[in-house]
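Here is what each chain is made of, one letter per residue.
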Amino acid sequence: MQGNVADRFAVAVAQGRGSPQVTVPSSGARAKSFSRRRHGRGLWFVAPFTLMFVLFTLVPLVYAVYTSLFTSRLVGGTVFSGFSNYQAILSSGQFWGGMVRVLIFAAIQIPVMLAIALFFATVFDIGMVRWGGFFRTVYFLPFAVPTVVSAIMWSFLLEPEFGPFTKLAENLGFHGANLLSPSLLLPMIIVIVIWEWTGYNMVILYTALRSVPRDTVEAAMVEGATLSKIILSVKLPMVRPALVMLGLLNFIGALQLFVEPSILASFTPNVSFGFTPTIFLYNTAIGNQQYDLAAAGAVVLGVVITIISVGSLMIRRKMRSVSL
Amino acid sequence: MSSWTWDLPKVTWIEKRREARRRRREELERTTIPLRLYGVRRGTVVVVTVVSVLFAIFTLIPIAWIVINSTKTQPRLFSSFGFWFAAPFHFIQNFKDLFKNVDGEGIFTHWFVNTALYAVLGGGGATALSALGGYAFARFEFPGRKVLFFAVLASLLIPVTAVSLPLYFVFAKVHLVNSIWGFILPSMVSVVGVYLMRIFIEASVPVELIEAARMDGASEFMIFLRIAVPLMVPGLMTVLLLSVVGIWNNYFLPLLLFSKASLYPLTVGLGFWGSHASVSGDQLLYPLLVMGGLMTLLPLVLLFLFVQRYWRAGALIGSITG
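Nothing here was measured: the structure is a model prediction, and the numbers come from that model.

Enquirer: Any chance you could explain a positive patch on the surface here in plain terms?
Expert: Taken together, the side chains of Arg17, Arg18, Arg21, Arg24 and Arg25 of chain B present a region of like positive charge at the surface. Take Arg21 of chain B: it is sitting in helix α1 (residues 13–31).

Here is the structure:
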């Protein structure tokens, strides 16, 4: 469910790196040369996108808030019920259980993945491994595999009866090993998501490392800095913004975890009704047909994620202004 | 309509590519410090190389597994060693089964065609809308421009779940559930596409060129079509690729929208087979799930290997400004 993390990063990177081009040329000379009517024509160009954006993004959001304030009853139809749906969601153990689970997931998966990605980005940047281009392509490959298919492949690999990894575990002496047992399911999802996203994160960090000027590194060398010193105090500070951004974007994605557990559910009975918040919402809306309740849940999830994103962006901006 | 002409530099596509590749190589040589200057010990290099190879193996394991196991019969799939071939070689039979007689009606072929249709229409639409919108944001100062752009960018922070689920509620209300347009039309909204196109146009469509065409009396739309679009091709390719891949991979929205199996895209179809196999115990579906997974990832992996440049450009927009 980290699908649009990639999209978001494209924007994040662009904001950081492409800013000189973003600024519109000062309008002085241009304003004279083409009239206000010409500028107005821009509305025709932007209209099709805006119309679709309003219809398929803004309208649903508003409608979700609206629906969440009503309750449908078998008898008596749909009645205004204020915040009762929100009360139900916020007091639901299943919703919070899922929330805690994705938080644990994020707390382990993201640091591990970023550490691996940063390690390889550094190694390839320095040129420590031959055929770095080949390795980068291989590592990036899972990014091209649809999430559903990677979940299916891993489901087969980990399947408790015939999965090759299960057999391997049995050969190693773990009899009756079940890699998808309640306690191992989450660690296995962590492995799957690391498999899917490390290469992508690595390529972004690699690009950030490449942009460290050669002179800066050489100056440090002349002063006799060791390799570890160059990495830690010259290169790492330069990629910190990218690292922070990746942390945030992976976090947003992690809170929406859906595809992997929902495919694994066909191979193990241990994916519960509220395994993750998104699975909870899906089951509430489609399984139980409780649209109003699911709408309230979607709003809660949206608000939580938006607060976290905006909050961390603001903290980051504050930190940057202090350091300047 | 166009009495004017404009001499664009006559550089062919291939020459441009070759030039770009040469420039990239030079850039790499210029910015790379020779390894020996770092004073890395030989032992470290060996250890790091071994670790890199191990991680490459980890990355390739599932892909190798799916290629190998697409050649097996159903009983062999479960009984043989997972990482090696097992006779009889059933690849062609599995392939035929997948596209022909599943459920007796070739439902997988249906899903494949659906996915291609959704990806082409949605991706084409997204690219067109992004090109028009990005051009407006980059080259016009229409009223409300800043507010609109801010609203569009801010929407990126809203999680997919919080948009897809309400979209389903709205569609349920207006009877767009189980309509292909219910999936295609929302897929045409690409906020990232608009953003990428804006950056790209600001970098590569000169204002002077537009001005000159205006002096010659060309209409705004003609200027866009004849002057801007040809200069936007690499940006358009990136947006098209990103949207096509995004639609090909989308699972959540079509899962919500479609309850008729004949409308499923590949992702939802495979998920459906998985749960159907586990509920009904129909073991014969498993080889098809493996082959179906391979057929779903193959087009994207090939696309990735052939136009890697655009993937990276999409991921790291910094490189498309050049």
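Enquirer: What am I meant to see in the nonpolar core here?
Expert: Looking at soluble globular proteins, one finds that nonpolar side chains tend to be buried together. Formed by 194 residues in total, the largest nonpolar core has its most connected members in Phe156 of chain A together with Trp273 of chain B. For this core, the leading source of residues is helix α10 (residues 182–210) of chain A, giving 18 residues. Lining this core are residues from two domains, each supplying at least three of them: domain 1 (8–65) and domain 2 (93–321) of chain B. Aside from chain neighbours lying at most four places away, what touches Phe156 of chain A is Phe162, Gly163, Pro164 and Phe267 of chain A together with Trp65, Leu77, Tyr286, Leu289 and Val290 of chain B.

Enquirer: What exactly am I supposed to notice about the interface of chain B and chain A here?
Expert: Quite often, the size of an interface is put as the accessible area lost when its parts meet. Across the contact, 119 residues belong to chain B and 107 residues belong to chain A. For the pair chain B and chain A, the summed buried surface comes to about 10,300 Å²; carbon and sulfur atoms form 78% of the total. Three residues, Tyr38, Leu157 and Phe169 of chain B, lead the burial of chain B against chain A; their summed loss comes to 7% of the area buried on that side. No other element matches the 17 residues that helix α3 (residues 42–69) of chain B contributes to the side of chain B that touches chain A. Of the residues in the side of chain B that touches chain A, the class split is 82 nonpolar, 25 polar and twelve charged.

Enquirer: It is not clear to me how the pattern of salt bridges should be interpreted in this structure. Could you clarify?
Expert: Opposite charge on two side chains makes pairing possible when the charged atoms of those side chains draw close. Residue and element names in this part refer to chain B. Taken as a whole and assessed by the stated rule, the structure comprises nine salt bridges over all chains. For Arg22, the salt bridge is made with Glu26, and the minimal N-O distance between the two is 2.8 Å. Separated by four residues within a single helix, Arg22 and Glu26 lie in helix α1, roughly one turn from each other. Taken together, the shared-partner salt bridges connect Glu19, Arg22, Arg23 and Glu26 into one network.

Enquirer: I keep staring at unusual backbone geometry and nothing clicks. Help me out?
Expert: In terms of backbone geometry, most residues other than glycine have negative phi values and most peptide bonds are trans. At Gln289 of chain A, a position not held by glycine, the phi torsion is positive, near 55 degrees. Mapped onto the fold, Gln289 of chain A is located in the loop between α14 (277–287) and α15 (291–323). Phi is positive for Asn178 of chain B, close to 65 degrees, though the residue is something other than glycine. Checked against the element boundaries, Asn178 of chain B lands in the loop between α8 (160–174) and α9 (180–187). Residue Asn178 of chain B is classed as partly exposed on the basis of its relative accessible area of 22%.

Conventions used here
- Residues numbered from 1 in each chain as written.
- Chains lettered and ligands numbered in written order.
- Predicted model: local features only at pLDDT ≥ 70, side-chain atom pairs only at ≥ 80, totals over all residues.
- Heavy atoms only, no water.
- Patch = residues over 30% accessible without salt bridge, like charges linked within 9 Å, V, L, I, M, F, W, Y side chains within 5 Å.
- Areas by Shrake-Rupley, 256 points an atom, 1.4 Å probe, with all protein chains shown as cover.
- Salt bridge = Lys/Arg side-chain N within 4 Å of Asp/Glu carboxyl O.
- Lys, Arg positive; Asp, Glu negative; His and termini not counted.
- Charge placed at Lys NZ, Arg CZ, Asp CG, Glu CD.
- Helix = DSSP H or I, 4+ residues; strand = E, 2+ residues; numbered from the N terminus.
- Core = buried A, V, L, I, M, F, W, Y, C linked by side-chain atoms within 4.5 Å.
- Buried < 20%, exposed > 50% of the residue type's maximum accessible area, 1.4 Å probe, protein only.
- Domains from an automatic or database assignment.
- Contact = heavy atoms within 4.5 Å.
- Buried area = accessible area lost by both parts, 1.4 Å probe.
- Nonpolar A, V, L, I, M, F, W, Y, C, P; charged D, E, K, R; others polar.

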